[in-house]
Amino acid sequence: MVNVMKKFEEYKEEIYSCSRCGLCQGICPLYKTTGLETVVSRGQFSLLNGILNGDMTFNKKVYKNLDMCLHCDACKSYCPSDIDAEKIITSAKIECYKYAPLSKKFKLFLLNSNIFLKTAGRCVDIFRFLGLHNLLSVFHFGSVVKRFLEENVRYRKLKPARQLGLKVFYFPGCVNTYFNKSILNSMRMLAEKNGFELVIPDGLHCCSVAHLSAGDFETFYRNAVLNLDMIPDDVDYVVFDCASCHKAFELYDDILNSKKTKNLKDKLIHLNNFIEKQDIYIPERVKFEKIVCEHIPCHLKDKESIWKAVKKMAFIDNFQKDETNQCCGAAGLFCFEHGKISREISKSKSSKLEEKADVILTSCSSCTMGILQGLSENGKHIKIYNPVELLAEQYIEEENLSKQCHTES
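Residues numbered from 1 in each chain as written. Predicted model: local features only at pLDDT ≥ 70, side-chain atom pairs only at ≥ 80, totals over all residues. Heavy atoms only, no water.

Peer 1: Would you take a moment to explain the packing of aromatic side chains for this structure?
Peer 2: Aromatic rings in a pair are described by how distant their centres are and how their planes are angled relative to each other. Under the criterion given, the structure shown has 12 aromatic pairs. Between F171 and F240, the ring centres sit 6.1 Å apart and the planes meet at 50°, which makes this aromatic pair tilted. Residue F171 is found in strand 1 (residues 167-171), and its partner F240 is found in strand 3 (residues 237-240); the two are separated by 69 residues along the sequence. Of the residues examined, F240 reaches a relative accessible area of 0% and is grouped as buried. Members of the aromatic cluster, joined through ring pairs, are F171, F220, F240, F249 and Y252. Between K105 and the ring centre of Y97, over which it is positioned, the NZ or CZ distance is 5.2 Å. Taking NZ or CZ as reference, K193 lies 5.8 Å from the ring centre of Y395, over its face. (Phe/Tyr/Trp six-rings, centres within 6.5 Å; stacked < 30°, edge-to-face > 60°. Helix = DSSP H or I, 4+ residues; strand = E, 2+ residues; numbered from the N terminus. Buried < 20%, exposed > 50% of the residue type's maximum accessible area, 1.4 Å probe, protein only. Lys NZ or Arg CZ within 6 Å of the ring centre and 35° of its normal.)

As structure tokens, then:
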């Protein structure tokens, strides 16, 4: 297996081709919030030009500046030269990762430790069972974490309505595996209702998109190998509910370039698109009366996929598309390391969503945290769902109605 990702030096022409037009300022959430030229891509490229010209070298200060990036990829769509700033900045951070703060490396170490995550998850379960998680509301960010840990859907055995006969590998990610099983519960119910086999092996590792964004290429590479080895060759699909996890697995092909990654490439699919493309059972006897608004994660490959999934769910009549084209501000570890800036971005995003929504749909765990953070800043308590949670909830509602009708008859 060979790493075929471009090295920092190989982006020399792209960096030099930046015209410094400043269009990236108009779209960068960090620039809009801070007004700092150093955080926007043209400012980052001025710094990298100095590295390439030998006027300066990678050091702690350079890494700190490069790390002021949400990796939202918004600047690429506005760049007249079509420069992929996110990839270039990531490649530079890989080169100078040794200068990353020890605190950041420690956070990434914990995120990559299944032992730590499992222990933390069990502590959360105990706190939730005893009701002690309510104490988190004493602190402002604690109230965000408390809401983040609240499960929308509890697992319930459902009667099959379809027999799709598929074998589906599902990558639940760290949050669903250890801290909030609501989406995992919903995915299991989706499989039962629609008659397909769900493969979720124990011991999966973090997708490590956060590690790659930080420049920790070694961990990203190692976890790519470990996770891919756990996927059976005979699966029909590899499904993700989180846009960031989906992005990570697509990048695995760039760094491994193996026979397995080639074979799996066409099988990788986001859960939204899976729901849209398959003959999924949609309950007809229930209606969802609330106004549903979407937030499109920056990493979501198909920006229309939430809308496509909702369109399939005929029980939703009032759906508002996300016209903001704006990052939620969480960006993995960013919200923990640059809290004030992150909260300002989240507040701006959430204020636009809450104007018209009773329920917000999104497809990324980090985005859920970001939107909750923004809603908390604005004093709002709107519920946030993944589309599959809403579908599972309606499955339960339909079965409850059937039981009620059977009892009354």
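Peer 1: Got a minute to help me understand the packing of helix 3 (residues 41-52) against helix 6 (residues 85-95) in this structure?
Peer 2: Between two packed helices, the angle of one axis relative to the other and the distance separating the axes together describe the packing. For the pair helix 3 and helix 6, interaxial distance at closest approach is 11 Å and the crossing angle is 40°. The pairing of helix 3 with helix 6 is recorded here as oblique in orientation. Along this stretch, helix 3 crosses helix 6, giving a crossing that reads as left-handed. In this structure, helix 3 contributes S41, Q44, F45 and L48 to the contact, and helix 6 contributes A85, I88, I89 and A92. Grouping the constituent residues of the contact of helix 3 with helix 6 by class yields 6 nonpolar, 2 polar and no charged. (Axes fitted to C-alpha atoms, helices over the stretch in contact; angles between N-to-C directions. Parallel < 35°, antiparallel > 145°, perpendicular 65-115°, else oblique. Left-handed = near helix turned anticlockwise from the far one by under 90°. Contact = heavy atoms within 4.5 Å. Nonpolar A, V, L, I, M, F, W, Y, C, P; charged D, E, K, R; others polar.)

Peer 1: Is there a simple way to explain helix 19 (residues 339-354) in this structure?
Peer 2: An α-helical segment advances 3.6 residues per turn. Residues three or four places apart therefore align on the same side. With 16 residues, helix 19 should reach 22 Å at 1.5 Å per residue; the first-to-last C-alpha distance of 21 Å fits that figure. Among the residues making up helix 19, those that are buried are G339, S342, I345, S346, K349, S350, L353 and E354. The arc enclosing the buried residues of helix 19, seen along the axis, measures out at 155°, which places them on a common side. (Expected span 1.5 Å × (residues − 1). Arc of directions from axis to C-beta.)

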